[in-house]
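# Structural overview
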Amino acid sequence: MGPTWSGISNITPSSSVSWSHTIIQARWNSTDEQQSSRQRVRKRPVLMEFPQLVWPSVIKTIRNWILVHFIIRPYFDRDFVLPDFVLGAKQALQVVSSSLAGGEVKQLEGLVDRAALADLKQSISKMSVAERYDIHVDKEDVYFSFPYQVGVMFDESEDDSQKRFVEITMVFHVLKGLKGMIERGESVPLNVGVLPEFRDKISICNYRFIKEFTKGVDSDWTVNVVNHFKPSDYIDE
């Protein structure tokens, strides 16, 4: 039996969809892609090609709130609570990263989208054991996380029913060893993200989740984007 996580559990893979849809919210600003293109050559293989998201967007945060409270809760899922989703997303981060670190991509079938799994399998095969080990994230090592973007999509390709999907992109800031520091009673500086002594221990993870909310369809959240990167790899020399 494959791994599951609380809050976002029993995830099933979504098949590829030929979209003819209305995207209520764009997935990211063009400036994100422009910033990514200016970054220097990567030091390590990436898991998936995806714009590297680091900080929240004020405009997107406002739109996220509007979508959750005026679209998703009234029309899709009255019980949907974003903070609860974030907790489940952290558990998903731990489960997925642990499997990838062990090179056990097959264990993620049913939890991660099939197309994403194919990309991840290829990327993992190019990594050394040390690079794979570095992927693992303990959810208690996350010191800052937020939903970067909430999107609602409609697929009108079928006349008899309109398919509805919600997609949420999460950003996690991770300090490897944070859990141990707290257990030992060590103080963690508020500006830990900019201190040189912690630079190589910090990574950022971008995960995107999708769920179908079509009337009459029983669906679960599925991960369709997984990406980890270290800011220290992109500091200008």
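Placed above this text is the structure.
Residues numbered from 1 in each chain as written. Predicted model: local features only at pLDDT ≥ 70, side-chain atom pairs only at ≥ 80, totals over all residues. Heavy atoms only, no water.

### Observations concerning the environment of Leu87
Within the secondary structure, Leu87 is located in helix α3 (residues 82–101). On the accessibility criterion, Leu87 (56% relative accessible area) is exposed. For the pair Leu87 and Ser145, spaced 58 residues apart in the sequence, the C-alpha separation amounts to 9.8 Å. (Helix = DSSP H or I, 4+ residues; strand = E, 2+ residues; numbered from the N terminus. Buried < 20%, exposed > 50% of the residue type's maximum accessible area, 1.4 Å probe, protein only.)

### Some remarks on the packing of aromatic side chains
What the rule picks out here adds up to 11 aromatic pairs. The interplanar angle of 35° and the centroid separation of 6.4 Å between the aromatic rings of Trp55 and Phe144 together place this pair among those described as tilted. With Trp55 in the loop between α1 (30–37) and α2 (58–76) and Phe144 in strand β2 (residues 142–155), the pair connects residues that are 89 residues apart, well separated along the chain. For Trp55, a relative accessible area of 58% translates into the label exposed. Phe144 gets classed as partly exposed once you look at its relative accessible area, which sits at 31%. An angle of 70° between the planes, with centres 6.0 Å apart, marks the rings of Phe213 and Trp221 as edge-to-face. Side by side, Phe213 and Trp221 carry an identical accessibility label, which is buried. One aromatic cluster is present, built from ring pairs that chain together Phe76, Phe80, Phe85, Phe154, Phe209, Phe213 and Trp221. (Phe/Tyr/Trp six-rings, centres within 6.5 Å; stacked < 30°, edge-to-face > 60°.)

### Observations regarding the environment of Phe154
As for its position among the elements, Phe154 is in strand β2. Residue classification places Phe154 among the buried positions, given a relative accessible area of 17%. Measuring from C-alpha to C-alpha, the distance between Phe154 and Phe165 comes to 6.4 Å, with 11 residues separating the pair along the chain.

### What about a nonpolar patch on the surface?
Nonpolar side chains collect at one region of the surface, where Val58, Ile62, Trp65, Ile66 and Phe70 lie side by side and expose about 550 Å² of accessible area between them. Of note, Trp65 is situated in helix α2. (Patch = residues over 30% accessible without salt bridge, like charges linked within 9 Å, V, L, I, M, F, W, Y side chains within 5 Å. Areas by Shrake-Rupley, 256 points an atom, 1.4 Å probe, with all protein chains shown as cover. Salt bridge = Lys/Arg side-chain N within 4 Å of Asp/Glu carboxyl O.)

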